[in-house]
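# Secondary and tertiary structure notes
These are the residues of each chain, in order.
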Amino acid sequence: MTGGLLAVAGIFKLGANLAAVPYPKDQATLVETGPYRFVRHPIYSGGILMAFGWAFWVHGWLTLGYALILLVFFDVKARREEQWLQEKFPDYVNYQKRVRKLIPFIY
């Protein structure tokens, strides 16, 4: 449930910045408030939390493996997206230093 709330909060906080592709829109602004205060990619984080929550709920090793694959996938995707964000927003590097990428306060 927490993962779902984090993902939904990330979607709503992005507002008009939300795009179907991970490349930032031309008129986008850097969002650093709401769930973005705790993690740079709350939508991805929410999906990861939901996947791990489901894996622990069903006690399935295979499901846990799928959750790990999702974590790696979103990490790679976020890495590329962050290159674009650095190009678009000069202050993004400072934001990266302050806020964790996918797991609040950890990673």
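Not measured: the values here are computed from a predicted model.

## Points about the packing of helix 2 (residues 42-58) against helix 3 (residues 61-88)
- Contact geometry for helix 2 and helix 3: axes closest at 8 Å, N-to-C directions at 170°. Between helix 2 and helix 3, the interaxial angle falls into the category roughly antiparallel. Across the interface between the two elements, Y44, G47, I48, A51, F52, W54, A55, F56 and V58 of helix 2 pack against T63, L64, A67, L68, L70, L71, F74, K77, A78 and E81 of helix 3.
- Here the contact of helix 2 with helix 3 is built from residues that sort into 15 nonpolar, two polar and two charged.

## Regarding the nonpolar core
- Ranked by size, the top nonpolar core spans 10 residues in total: Y44, I48, A51, F52, A55, L64, A67, F74, A78 and L102.
- Those elements giving two or more residues to this core turn out to be helix 2 and helix 3.
- In terms of residue count, helix 2 provides more of this core than any other element does, five residues in total.
- Setting aside its immediate chain neighbours within four residues, F74 contacts Y44, I48 and L102.

About the thresholds
Residues numbered from 1 in each chain as written. Predicted model: local features only at pLDDT ≥ 70, side-chain atom pairs only at ≥ 80, totals over all residues. Heavy atoms only, no water. Axes fitted to C-alpha atoms, helices over the stretch in contact; angles between N-to-C directions. Helix = DSSP H or I, 4+ residues; strand = E, 2+ residues; numbered from the N terminus. Parallel < 35°, antiparallel > 145°, perpendicular 65-115°, else oblique. Contact = heavy atoms within 4.5 Å. Nonpolar A, V, L, I, M, F, W, Y, C, P; charged D, E, K, R; others polar. Core = buried A, V, L, I, M, F, W, Y, C linked by side-chain atoms within 4.5 Å. Buried < 20%, exposed > 50% of the residue type's maximum accessible area, 1.4 Å probe, protein only.

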